[in-house]
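Listed below are the residues making up each chain.
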Amino acid sequence: MKVGDWVAERGDERGFYNQPIFGRVKEVYDDGFSAGLFDLVCYNHAGDKVGRISDAYRGPSTFEPCLTQSNYVEIRPPKFPLDRHTWGWQLEAK
């Protein structure tokens with residue numbers, strides 16, 4: 001995983017979840033404990049940046065920080081707009 005890659009939340013054996021978190025990698029780093037962490041600039045189905053999805057208590061609001069690399073998979077750049085309610089099936093793993 002490297003800066004600029006498109007990634008999506010890993011689903012189960014059938015593929016991506018219906019509404020996976022996805023976006024472009026902002027930064028990749030190692031905390032010394034896990035298999036690697038990264039920050040993610042999240043997008044919605046229309047291709048708009050949506051900022052942070054989790055609660056941003058005293059943290060950044062423009063990206064999702066400190067995600068575990070093993071929970072995400074690299075994808076091809078999405079072809080926006082995606083389906084509004086269930087876009088997981090439109091994402092393609094690399």
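Going by the structure above, here's the rest.
**Q** When you look at the side chain of Asp-39 in this model, what are you seeing that I'm missing?
**A** Here Asp-39 lies in strand S3 (residues 37-42). Lacking a salt bridge, the buried Asp-39 has Lys-26 as its closest oppositely charged neighbour, with an N-O distance of 6.5 Å. At a separation of 3.0 Å, a polar atom in the side chain of Asp-39 contacts the main-chain amide nitrogen of Cys-66. Residues in contact with Asp-39, not counting those within four places in the same chain, are Arg-24, Val-25, Lys-26, Glu-27, Tyr-29, Phe-63, Glu-64, Pro-65 and Cys-66.

**Q** What exactly am I supposed to notice about the pattern of salt bridges here?
**A** If charged atoms from side chains of opposite charge come close, those side chains can pair. Summed over all chains, the structure comprises three salt bridges. Note that Glu-74 and Lys-94 form a salt bridge whose closest N and O atoms lie 3.3 Å from each other. Of the two residues, Glu-74 is situated in strand S5 (residues 72-74) and Lys-94 in the segment after S5; the sequence distance between them amounts to 20 residues. Of the residues examined, Lys-94 reaches a relative accessible area of 58% and is grouped as exposed. Close ionic contact of Arg-76 with Glu-92 constitutes a salt bridge, the shortest N to O distance being 3.2 Å.

What counts and what doesn't
- Sequence order as written defines the numbering, with residues in each chain counted from 1.
- A pLDDT threshold of at least 70 governs which residues receive local features in this predicted model, and a stricter bar of 80 or more applies before side-chain atom pairs are shown or counted, although totals over entire chains, interfaces and linings include all residues.
- Side-chain figures throughout are based on the complete set of non-hydrogen atoms in the structure, without hydrogens or water.
- For the purposes of this entry, the term helix denotes a DSSP run of H or I that reaches at least four residues, the term strand denotes a run of E that reaches at least two, and both are numbered from the N terminus.
- Burial status follows relative accessibility: with a 1.4 Å probe on protein chains alone, a residue under 20% of its type maximum counts as buried, one over 50% as exposed, and anything between as partly exposed.
- Neither His nor the chain ends is counted toward charge; the positive residues are Lys and Arg and the negative residues Asp and Glu.
- The salt bridge definition used is simple: a Lys or Arg side-chain nitrogen within 4 Å of an Asp or Glu carboxyl oxygen.
- In protein, a polar contact means a hydrogen-donor-capable atom and an acceptor-capable atom, both N or O and within 3.5 Å, with residues adjacent in sequence counting only if both atoms are side-chain atoms; elsewhere, any N or O pair within 3.5 Å suffices.
- What makes two residues a contact is simply this: any of their non-hydrogen atoms within 4.5 Å.

Distances and angles like these do not, on their own, reveal function.
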